[in-house]
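Per-entry structural report
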Amino acid sequence: MTGLFKLYTSLCILLLCFLLYNGYWATVGLSSIPSFTFPYSSSIESPDGSSYNWINAQMQSRTPAFTRNLKAVNVTSFSPFAKDASVNIWDLFPPELSCPDIQRVGSVGDGGKWICGLSWLGMNRQNEDEKCIVYSYGVSTDSTFEQELSSVAGCKVFAFDPTIGEMKSAGESITFHKMGLWNSSGSTDNFMLVEHLYDAMNRLNHSYIDVLKVDIEGAEWAVFRELLSRANGRSGLFPFGQLLIELHYESVESTAEFFLGMMRHGFLAFSREVNLQPCLNGRPPVAVEYSFINAGSFFESRSVKSPSRINHASFRPPIVTPTWHEPVRAVIYFLTHRGRVSMMRGALRSLYRSFYRQFPLYDILVFHDDLLPADKDTLQSAVPDMPLRFISIRLRTPPHLNEVVIPDIVPHCSPGSSTLGYRHMVMFHAAGIHAYLFDPDNGYSDVEYILRLDDDSRFSAPIGYDLFRFMRVNNMSYGFVNVVPDDPGCVQGLWNHSYTFIKEAVNSGIYINPKNVDLFFNHWEEGKVVYNNFEISRASIWRSPLWRAFFDSVDKSGRVYTHRWGDAPLHTIFVLLGIPSSAVHVFGDIAYSHPPFAGQKPGGLPMPGQHPFLHRVDGCAYYNQWTCGNQSLLNSTQKTSTSLSGGVLSPLWGVTANTTSLKFRIEPQPVVEPQHVFSGGKSDRSERHARSMIVSRNRKRALNSSTGVLYTFGHRDRLNILASTVTSFVDNYAKAHHCPIVIFIPSSLNSTMIWHFKNIQLDARASSLVTLVPVDLSPFASAAKRRLTNKCGGKDIEVAAASVFLMKSAALKLHDMGYDWFFRFADNSKLFQPIGYDVFDKLKKRGARYGFRSVVKDDPACTVRLWDYARLLCDESSSCSDLLSTWPAGVVVFTNFEISHISVWQSSIFKNISSRAEGMEAWGDAAVHTLSVISSLKYNEILRFEDIKYDAIMNGYRDTSNTTIRSSQFPGQEYRPLPQLDLKFRPQRFGWLGGDVASSFCLPDIRHLESQQRNNSKCEGSRYIWLFGDTFIGTSTATRRLEAQIISNSVAIVDIRTGMNSNGVIQRSSFYWKSETDGMPAPIFSDSSPSEKFWPMSGLSVVDKDAGWNDPSVKVVVVGQQVKSLSRNPGDPLEKAAGILSFTELASVAVVVENPKDPPDMWHTVVHPLKFSTGLLATGKVRWIYMAQSNGRLYADSNDYIFLLGTYDSSINDDSFDLNSLTSDRKVRIIGRIPAMDLLHGNVETMQVLVPSSPDSWANPSQLTTSIDYHRLAALPGGVSEASLHFDHNSMSWVVTTLEMNDDFITLCRSFSIEGPWRCSPGPVITSPWNDKQQYMSYAAKSHPELSGGNGTVLSFIANTAQGVHELFDEINFHTYTPIFLLYDV
């Protein structure tokens, strides 16, 4: 009922507004307003059958009503929207004409417009040059008007709007221009690209516009003032027939001048529609839609039947801004080769569709070193309307370098981007292209701008404006799309080289602006580079002495070839040092991607003056200025009063040009009355008294209402995750309970870091709840240094000092601010779901004063003497709690989730312990808080919040990396985490971001085969191949995944010579995947269709000894599953959110790799189904998941058997293996064997299956009938999850490793014979946080004997999120969905 009442009320208000503002003038209006009604029905017939004559007769016979109305009022004193007045401003200007053919075009609401003669627009206009022309300024999110004119009338529509990224669903006859309308062409303080109407018509070669739509949010007054003044009172000069405009009230005078001016040019209104939306909010109707027509111009300008047809030439508009039409000399260039012709075709087509078709003004240069005439024909035929100029070049090593010292592959850099050819390419992009263009013989010495694109660059939407004219108009010298972290191995020594160069350059007289030096040294993170596969630059910057000197120093060092320094970091360093930030632009609005890395979506043009490096690219679209903020960051030199006493950082702050000290204004805390502003420090007595009264009142309110404050400390190196952390706490708790959040930050932060923290505050969905409070950490420095010495305080002095502050002073500071209850959370944590109650109120109702969520084992080095000191204090005090005596020593509360009352931190025990910790010990804050709580509180005063779904990134990996863990659940089991291995499979900055399965096998080197025969447990002189299932390919920071595509499989190669050390520890892995013709990532083992994919499970190398030991043939066979998606959108990675549950397995297959020595993305494969024609196993009940050589070697030869581990499911009645059922009641592990050569050739009929209860042990599947009890096939228990099979040479036994999804431990089964009997026992326990079944699912346990050595077995498993694929992109899950390694003593 409430909803219906609200709807009824809204309708009544709308009706009232309509009567007041649309019709009231007709019945009550001014005495001089004529009382007549204009006919709007399209059924009215004009006297002579001509719409033009009918309207023209009205125009000739009437004096416009608005002229009489204006005479009847005093314009200078008229109140436009007075509440007590009978009329408003729009009542003075009623529609003057009646159109017999009036129709509404577009949607109901702001997007639709009233138009006259819609049917006439499309009449007799079959030829392309006769089609009606429509200019539409201001599209926003509703393009129904433009689409309907295009489809119904067949008009050519030209849409203009700088605030949007693209026009979705726009047809071929709609052209989008990302530019604004203004009274001149160029740029303004508010718009980076604007254009005069006449300049647009000249640029598009139009002499007349049939319909002009203008909806530009108030800018219409400046536009039409200029147009009307340009005509100098003459009529009939406007080159358009109808004007559909939304007027946003400016003044009575300007409104009257507009209508009078339009009348002088033959335009009268035939429709008026007031925007009623402000009425609903109690505001006057400040915006109104008018439709004007000049009948003579509109109906006769293009009428092929009219003998008085107006000559188009008489409408030719003048050129308003001559410089706007001056041509820009620019080129677009690519570098490619024969192997990438198909990819290059995609890049050319993308460029043509998104830019060249609209701006066919520039030369397209294709540089190459090996293209054949047929390749050139292929590329040109892909874009027949875009002429290409092919330029053959020779890439070679500079003559001054000794080729002997240049490695074939740079070992410390990514193998795929460190080949010699890649380094040649670096030199070309860095400087070779400029040498070519600046050579007068090549015809481009006068080039003004250069755009570099790669052959895998892609644009997914039209750019909408001329990139080069944009650069010239805004006086830009350099433009790019993104900043990314480079591979650290590819920039080794470059920053140090640059520091040395700067000193030498300054000493030699080369000028470098101090602001640029400050940006480079103090604001730029080492290793970050401009992503320059889209790079637009003013040609003259590459002629500058600074660039020539810098590149010369790099060239002479030879480190492009010896260290693989890239062109991206070289250009980045030069741009930082040599170009003013105001001349650098981030094209954050362009829908650009560089596969396989996901790109950016189209957006509106960014705000003018935005700093390219210190501001976010995506937060500054037009009409969203609050996120762009304050140019005072760069421009202001005015000092503002300071106060570091805490408070909200005001947007009105700045930094002086010659100092790094922060100057900002302080506003009061949210808990304090908002009208009071305290300057701090030198307050007078009355002000101090007022503040004291406010704090006292708020403290009392906090105690009575059980409200409190959430707080954390923001660290500069975890800004990205802090933003998501704050958002999760705002959404899941603070907003619902109106609880403020305080973020403590170091007061020593520079202006850039303060800006980033301020953005986090603004980005919070309830930013008014979030307060930034600077803290001086210098008093805690000595304690912090002591912690660092004992490795108990984080990685640097600031983090350690913040820990001391949180330990001792944070709660007391919050208490001084008026709070008594505190909810502490870590800046790298997250709330996964809403807390449905007030946590402070829950503590109070339980009579508790302290709450926590979990406990952990602290590092013993960080608790030395702490327990003894606490007991000593308890012995001296009679009020000590009994909890201390029962609490296990060394176990501490995990204080990244801690809820407490001020009384806990006012106890004498806490003061004693915290003072000693600060003064002479290295105790951590968790230990100090734990001892204080268990020493001063009773058991019923402590509450554990186990129901809250909360997690934080734990640094326990460092603490346990060299520690043996003894399982409390299974005594006698010992295992050790291997974080050094985990790190080798962490998400890369570019490329591989994680995958499951993670099985490995040896690819033998033929030169070491005899050695491997002697040592079956090693793969000497060879490579290891790692197989991965569903894989993310994209980009990441050092702490979180950014954007990615998902493919069904990928491969990694570990070269023993360069990728492993002498102890067998992996040092580097090279990841591989293929690319589609459009450059998007594709799996190594191709999918048969978008809904069917291949998941590799295990692999094995097979050596054909019959070919002879001098030249044996090595092939690889991979066993896996062909699966089919059950989802509606099989290509959507979001459908994968539930893990494997949305797929059905079709069949097991063996994929044979014919050329495994080649890079995996060049493998040739043959697929053999592993399906029997007859017998029990012909029903599709079997899937094979792992292989091993029968003699325990790491490879097989042509005379060996291969053992296969599989699963038999008796519940399946068709040819698909349903994974939706995760019960193992009717699933058993089975073992098969097959001659190696038969498996290579797909002859599966020779396979045998182990039948443990049979005297012969092995049986041909054709001999097994469907009547057999499936339990007879069970070699091992279980059968749901993936597993691995290997021979352990240390214990001389076979080992099967498995991890069922519902288990908390890995199961290991052992047998001295493959035929059994098998003994199974629980192995390593899955530890926190992966054992949280509501957050994670763990599976795919695998053994890796090649990594094990003699100390145990190396195992791995995969942890995936149970909440959905989006969770993998949170920083807290950066280590999720990659292999997690353990060393286990079997």
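The structure we're discussing is the one just above.
Report on the accompanying structure. (Residues numbered from 1 in each chain as written. Predicted model: local features only at pLDDT ≥ 70, side-chain atom pairs only at ≥ 80, totals over all residues. Heavy atoms only, no water.)

1. What to know about the overall build of the protein chain
Within the protein chain, the regular secondary structure consists of 37 helices and 62 strands. Taking all 1386 residues of the protein chain together, 57% fall into the buried category. Partitioning the contacts of the protein chain with sequence separation of at least 6, the portion at a separation of at least 24 is 71%. In the form shown here, the protein chain has an accessible surface area of approximately 56,700 Å², with 50% of it arising from carbon and sulfur atoms. (Helix = DSSP H or I, 4+ residues; strand = E, 2+ residues; numbered from the N terminus. Buried < 20%, exposed > 50% of the residue type's maximum accessible area, 1.4 Å probe, protein only. Contact = heavy atoms within 4.5 Å. Areas by Shrake-Rupley, 256 points an atom, 1.4 Å probe, with all protein chains shown as cover.)

2. So, the pattern of salt bridges
By the definition in use, this model includes 25 salt bridges. Lysine 735 is paired through a salt bridge with aspartate 731; the nearest N and O atoms lie 3.9 Å apart. Within this pair, lysine 735 and its partner aspartate 731 are both found in helix α22 (residues 719-737), separated by 4 residues, close to a single helical turn. Here the salt bridges do not stand alone but share partners, grouping Lys113, Asp215 and Glu289 into one network. (Salt bridge = Lys/Arg side-chain N within 4 Å of Asp/Glu carboxyl O.)

3. Considerations on the pairing of strand β58 (residues 1305-1311)
Within β58, 6 of the 7 residues are buried, which leaves it mostly tucked inside the rest of the structure. Note: strand β57 (residues 1293-1298) against β58, 5 bridges, orientation antiparallel. Looking across to β58, one finds that threonine 1298 is bridged to threonine 1307. Across 5 bridges, β58 lies against strand β59 (residues 1319-1325) in antiparallel orientation. (Pairing = 2+ DSSP bridges.)

4. Section: helix α25 (residues 797-808)
An ideal rise of 1.5 Å per residue puts 16 Å on 12 residues; α25 measures up with 17 Å between its terminal C-alpha atoms. The element α25 is largely enclosed, with a buried count of 10 among its 12 residues. (Expected span 1.5 Å × (residues − 1).)

5. Comments concerning the state of the cysteines
Counted by the stated rule, this structure contains 4 disulfides. The disulfide bridge from cysteine 132 ends at cysteine 155, spanning 1.8 Å between sulfur atoms. One quick way to see it: the torsion about the S-S bond of cysteine 132 and cysteine 155 is about -95°, and its sign makes the bridge left-handed. In this pair, cysteine 132 is assigned in the loop between α4 (118-121) and β3 (133-137) and cysteine 155 in the loop between α5 (144-152) and β4 (156-160), connecting sequence segments 23 residues apart. Summarising the burial analysis for this pair, cysteine 132 and cysteine 155 share the class buried. (Disulfide = S-S within 2.5 Å.)

6. Comments concerning the packing of helix α11 (residues 341-356) against helix α12 (residues 373-382)
As a packed pair, α11 and α12 sit with axes 9 Å apart at the nearest point and diverge in direction by 25°. Judged on the interaxial angle alone, α12 and α11 are roughly parallel. Considering how the two elements wind past one another, α11 and α12 form a crossing that is right-handed. Only Asp375, Thr378, Leu379 and Ala382 of α12 make contact with α11, whose side of the interface consists of Val341, Met344, Arg345, Leu348 and Arg349. Considered class by class, the residues forming the contact of α11 with α12 number 5 nonpolar, 1 polar and 3 charged. (Axes fitted to C-alpha atoms, helices over the stretch in contact; angles between N-to-C directions. Parallel < 35°, antiparallel > 145°, perpendicular 65-115°, else oblique. Left-handed = near helix turned anticlockwise from the far one by under 90°. Nonpolar A, V, L, I, M, F, W, Y, C, P; charged D, E, K, R; others polar.)

7. Focus on unusual backbone geometry
Phi is mostly negative for residues that are not glycine, and the peptide bonds are mostly trans. Residue proline 1317 is reached from glycine 1316 by a cis peptide bond, and omega for that bond is 0°. Checked against the element boundaries, proline 1317 lands in the loop between β58 and β59. Despite not being glycine, serine 140 has its phi angle at roughly 55°, a positive value. Checked against the element boundaries, serine 140 lands in the loop between β3 and α5. The exposure class of serine 140 is partly exposed, given its relative accessible area of 44%.

8. A look at the sheet that holds strand β54 (residues 1248-1250)
Across the sheet, 5 strands lie side by side as β49-β51-β53-β54-β55; this open sheet has antiparallel pairing. Pairing within the sheet leaves two strands with one partner each, and these edge strands are β49 (1182-1189) and β55 (1258-1259). Pairing of strand β53 (residues 1227-1235) with β54 involves 2 bridges; the strand directions are antiparallel. Along β54, the bridge assignment pairs arginine 1233 with glutamine 1248.

9. Let's talk about the packing of aromatic side chains
Each aromatic ring pair is characterised by the separation of its centres together with the angle its planes make. Under the definition given, this model contains 71 aromatic pairs. Here the aromatic rings of phenylalanine 355 and phenylalanine 359 are separated by 5.5 Å at their centres, their planes lie at 35°, and the arrangement is tilted. Chaining the aromatic ring pairs together yields one cluster made of Trp90, Phe93, Trp221, Phe224, Tyr249, Phe258, Phe259, Tyr290 and Phe292. (Phe/Tyr/Trp six-rings, centres within 6.5 Å; stacked < 30°, edge-to-face > 60°.)

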